[in-house]
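Analysis of the macromolecular model
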Amino acid sequence: MKTTVNAFDYASDICKVMNKGILLTTKVDNQVNTMTIGWGTLGVQWGKPIFIVFVRQSRHTKTLLDKNGEFTINVPLKGTDRKAALGFCGSHSGRNVDKIKELGLTLEEPETISVPGIKEFPITLECRVVYKQDQDLN
């Protein structure tokens with residue numbers, strides 16, 4: 001059962017697992033794609049809670065984010081079997097494979113955006129792009 005919580009109540013949990021990997025999920029039409037990230041910042045900007053993430057121009061996820069500026073951040077909790085999913089999602093492109101299907105992940109309906117969460121990663125942050133820089137900094 002889903003429960004709405006304040007992301008900052010889980011900030012410590014999110015930061016502790018971020019360097020081991022979390023998932024960023026996007027959706028355009030019927031295509032849901034997720035990628036492993038090991039970076040991000042949870043904070044407040046312009047009086048709103050934000051999650052800052054950097055996605056390279058060459059990534060399939062960037063193409064999807066340009067079409068739909070909504071995404072979820074999916075965070076495992078202690079005891080979550082995440083190693084296989086994070087490894088697979090970090091080494092395969094959504095251009096070539098349906099990662100959700102291949103891994104048998106369960107999508108959960110979002111509350112406020114069009115992108116689902118991933119049930120196996122129980123903390124889900126529903127996000128919208130509020131700023132983007134279209135420049136590859138290499």
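One numbering rule holds for all chains: residues counted from 1, following each sequence as written. Per-residue local features are limited, in this predicted model, to residues with pLDDT of at least 70; the limit for side-chain atom pairs, both in listing and counting, is 80 or more; totals at the level of whole chains, interfaces and linings are taken over all residues. Here the side-chain values reflect all heavy atoms present in the structure, with hydrogen atoms and water set aside.

As a further point, take the overall build of the protein. Each helix corresponds to a stretch of at least 4 residues labelled H or I by DSSP, and each strand to a stretch of at least 2 residues labelled E; elements are numbered beginning at the N terminus. The secondary structure content of the protein amounts to four helices and eight strands. Ordering the α and β elements of the protein from the N terminus gives α-β-β-β-β-α-β-α-α-β-β-β. Projected onto its principal axes, the C-alpha coordinates of the protein cover approximately 35 × 35 × 25 Å. For the protein, with 138 residues in total, the buried portion stands at 41%. Any pair of residues with heavy atoms lying within 4.5 Å of one another is described as a contacting pair. Considering only contacts in the protein between residues 6 or more positions apart, those separated by 24 or more positions represent 64%. All accessible-area figures derive from a Shrake-Rupley calculation using a 1.4 Å probe, and residue coverage is judged against the displayed protein chains alone. Carbon and sulfur atoms make up 49% of the accessible area of the protein, which amounts to about 8,600 Å² in all. Only four residue types enter the charge count: Lys and Arg as positive, Asp and Glu as negative, with His and the chain ends excluded. Think of each charge as sitting on NZ of Lys, CZ of Arg, CG of Asp or CD of Glu. Computing the positive centroid from 18 side-chain charges and the negative centroid from 15, the protein places the two 5 Å apart. Relative accessibility thresholds used throughout: buried, under 20% of the residue-type maximum; exposed, over 50%; partly exposed, between the two (1.4 Å probe, protein chains only).

This next bit is on the nonpolar core. Take the buried Ala, Val, Leu, Ile, Met, Phe, Trp, Tyr and Cys residues and link them wherever side-chain atoms come within 4.5 Å; each set so joined is a nonpolar core. Ile 14, Ile 22, Phe 51, Ile 73 and Leu 125 are the most contacted members of the largest nonpolar core, which has 19 residues in total. Sorting the residues of this core by element identifies α1 (11–18), β1 (22–28), β2 (31–37), β5 (70–75) and β8 (123–128) as the ones contributing at least two each. Not counting residues within four places of it along the chain, the set of residues in contact with Leu 125 comprises Ala 7, Ile 14, Leu 42, Phe 51, Phe 71, Thr 72 and Ile 73.

Listed in full, the buried residues belonging to helix α3 (residues 83–91) are Ala 85, Leu 86, Phe 88 and Cys 89. Along the axis of α3, the buried positions cluster into a sector of 170°, meaning they face one direction only. In α3, the exposed residues that point more than 90 degrees away from the buried face are Lys 83, Ala 84, Gly 90 and Ser 91. Turning to α3, the residues buried within the fold contact β1, β2 and α4 (99–103). The arc in question is traced by the directions running from the helix axis to the C-beta atoms.

Two strands make a pair as long as DSSP finds a minimum of two bridges between them. Overall, antiparallel pairing links the four strands, which are arranged β2-β1-β5-β8 in an open sheet. In this open sheet, the two edge strands, each paired with only one partner strand, are β2 and β8. Shown here is a sheet whose adjacent strand axes are inclined to one another by a mean of 25°, direction ignored. Of the strand pairs in this sheet, β1 and β5 are connected by three bridges, and their pairing is antiparallel. Residue Thr 25 lies in a different strand from β5, and its bridge partner there is Thr 72. Axes here refer to lines fitted to C-alpha atoms; in helices the fit is confined to the stretch in contact. Angles between the N-to-C directions go from 0 to 180 degrees.

On to the pattern of salt bridges, then. Put simply, a salt bridge is a Lys or Arg side-chain nitrogen that is within 4 Å of an Asp or Glu carboxyl oxygen. Counted according to the given criterion, the structure contains three salt bridges. Measuring nitrogen to oxygen at the nearest pair gives 3.3 Å for the salt bridge that ties Asp 66 to Lys 132. Placement of the pair is Asp 66 in helix α2 (residues 60–67) and Lys 132 in the segment after β8, with a sequence separation of 66 residues. Under the relative-accessibility criterion, Asp 66 is labelled partly exposed at 41%. Glu 70 is the salt-bridge partner of Arg 128, the closest N and O atoms lying 3.3 Å from each other. Taken as a pair, Arg 128 in strand β8 and Glu 70 in strand β5 lie far apart in primary sequence, 58 residues in all. Because the salt bridges share partners, they merge into one network encompassing Lys 62, Asp 66 and Lys 132.

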